[in-house]
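Descriptive structure summary
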Amino acid sequence: GHSLKQSYEYVKKRKPDVRPNFGFCSQLQEAELKLFGSCSLDMNDIKADTLCEILEGSNKTRADVMKALELWRGDGEVALGMLLEK
């Protein structure tokens, strides 16, 4: 079998515009943790992908997005709001 991270990367490579719902991803993480004892996928990576797509054309970098996610403890909506204000 494949890890959640491997599966996400496989799908993302074939469908670059995929944006899984954060709640769904959390459920997948919980299932992987229960089945394998660890989680291979960092939700901030998925959130960063989504936020970078939303912010495309702005002067915001992935580093800016990751910093905002870290500052707001992974809350993508608050991080996006902060990034849009600057």
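Residue indices begin from 1 for each chain and proceed along its sequence in written order. In keeping with the model being predicted, local features are shown solely for residues with a pLDDT of at least 70 and side-chain atom pairs are shown and tallied solely at 80 or more, while totals for entire chains, interfaces and linings include all residues. Here the side-chain values reflect all heavy atoms present in the structure, with hydrogen atoms and water set aside.

**Here we look at helix 1 (residues 4-14)**
Every α-helical turn comprises 3.6 residues, leaving residues that sit three or four positions apart pointing alike. Throughout, exposure labels follow a simple rule: accessible area from a 1.4 Å probe, protein chains only, divided by the maximum for the residue type, with under 20% read as buried, over 50% as exposed, and the rest as partly exposed. Numbering of helices and strands runs from the N terminus, with a helix taken as a DSSP run of H or I at least four residues long and a strand as a DSSP run of E at least two residues long. Taken together, the buried positions of helix 1 are L4, Y8 and K12. Along the axis of helix 1, the buried positions cluster into a sector of 65°, meaning they face one direction only. Seen from the buried face of helix 1, the exposed residues on the opposite side, beyond 90 degrees, are K13 and R14. Buried residues belonging to helix 1 abut helix 2 (22-36) and helix 3 (43-54). As used here, the arc belongs to the directions running from the helix axis to the C-beta atoms. The criterion used for residue contact is that any of the two residues' heavy atoms lie within 4.5 Å.

**Focus on the environment of D75**
Topologically, D75 is positioned in the loop between helix 4 (62-71) and helix 5 (76-85). Of the residues examined, D75 reaches a relative accessible area of 35% and is grouped as partly exposed. For D75 and N44, which are 31 residues apart along the polypeptide, the C-alpha to C-alpha distance reads 8.9 Å. Polar contact criterion, stated in full: a pair of N or O atoms within 3.5 Å, where within protein one must be able to donate a hydrogen and the other to accept it, and residues adjacent in sequence count only if both atoms are side-chain atoms. Polar side-chain contacts of D75 include one of 3.1 Å to the backbone nitrogen of V78.

**Focus on the packing of helix 3 against helix 5**
Only the stretch in contact is used when fitting a helix axis, every axis being a line fitted to C-alpha atoms; angles between N-to-C directions are given from 0 to 180 degrees. Running from N to C, helix 3 and helix 5 cross one another at 35°; their axes reach a closest spacing of 11 Å. At the point where helix 3 passes helix 5, the crossing takes the right-handed sense. Counted together, K47, L51 and I54 of helix 3 and G76, A79 and L80 of helix 5 form the full contact between these two elements. A class-by-class count of the residues in the contact of helix 3 with helix 5 yields 4 nonpolar, 1 polar and 1 charged. Helix crossings are classified by the rotation of the near helix relative to the far one: an anticlockwise turn of less than a right angle makes the crossing left-handed, while a clockwise turn makes it right-handed. Lys, Arg, Asp and Glu make up the charged group, whereas Ala, Val, Leu, Ile, Met, Phe, Trp, Tyr, Cys and Pro make up the nonpolar group; the residues left over, Gly among them, are polar.

**Digging into the state of the cysteines**
Criterion for a disulfide: a pair of cysteine sulfur atoms at a distance within 2.5 Å. If you walk through the whole model with that rule in mind, you get 0 disulfides. With no disulfide of its own, C25 lies closest to C39 among cysteine sulfurs, the gap being 9.8 Å. With a relative accessible area of 4%, C25 lands in the buried category.

**Quick notes on the nonpolar core**
Counting 10 residues, the largest nonpolar core consists of A48, L51, L55, V65, A68, L69, A79, L80, M82 and L83. No other element matches helix 5, which puts 4 residues into this core. Discounting chain neighbours no more than four positions away, the residues touching L55 are K60, V65, L80, L83 and L84. Ranked by size, the runner-up nonpolar core spans 6 residues in total, among them L4, Y8, C25 and L41. Among the buried residues, those of types Ala, Val, Leu, Ile, Met, Phe, Trp, Tyr and Cys that are joined through side-chain atoms within 4.5 Å form a nonpolar core.

**Considerations on a nonpolar patch on the surface**
Patch members must show over 30% relative accessible area and no salt bridge, and they are joined within 9 Å when carrying like charges or within 5 Å when they are nonpolar side chains of Val, Leu, Ile, Met, Phe, Trp or Tyr. Note on areas: Shrake-Rupley, 1.4 Å probe, and residue coverage restricted to the protein chains presented here. Salt bridge criterion: a side-chain nitrogen from Lys or Arg within 4 Å of a carboxyl oxygen from Asp or Glu. Judged by side-chain polarity, L71, W72 and V78 come together as a nonpolar surface patch covering roughly 280 Å² of accessible area. On the secondary structure map, W72 appears in the loop between helix 4 and helix 5. Residue W72 is classed as partly exposed on the basis of its relative accessible area of 40%.

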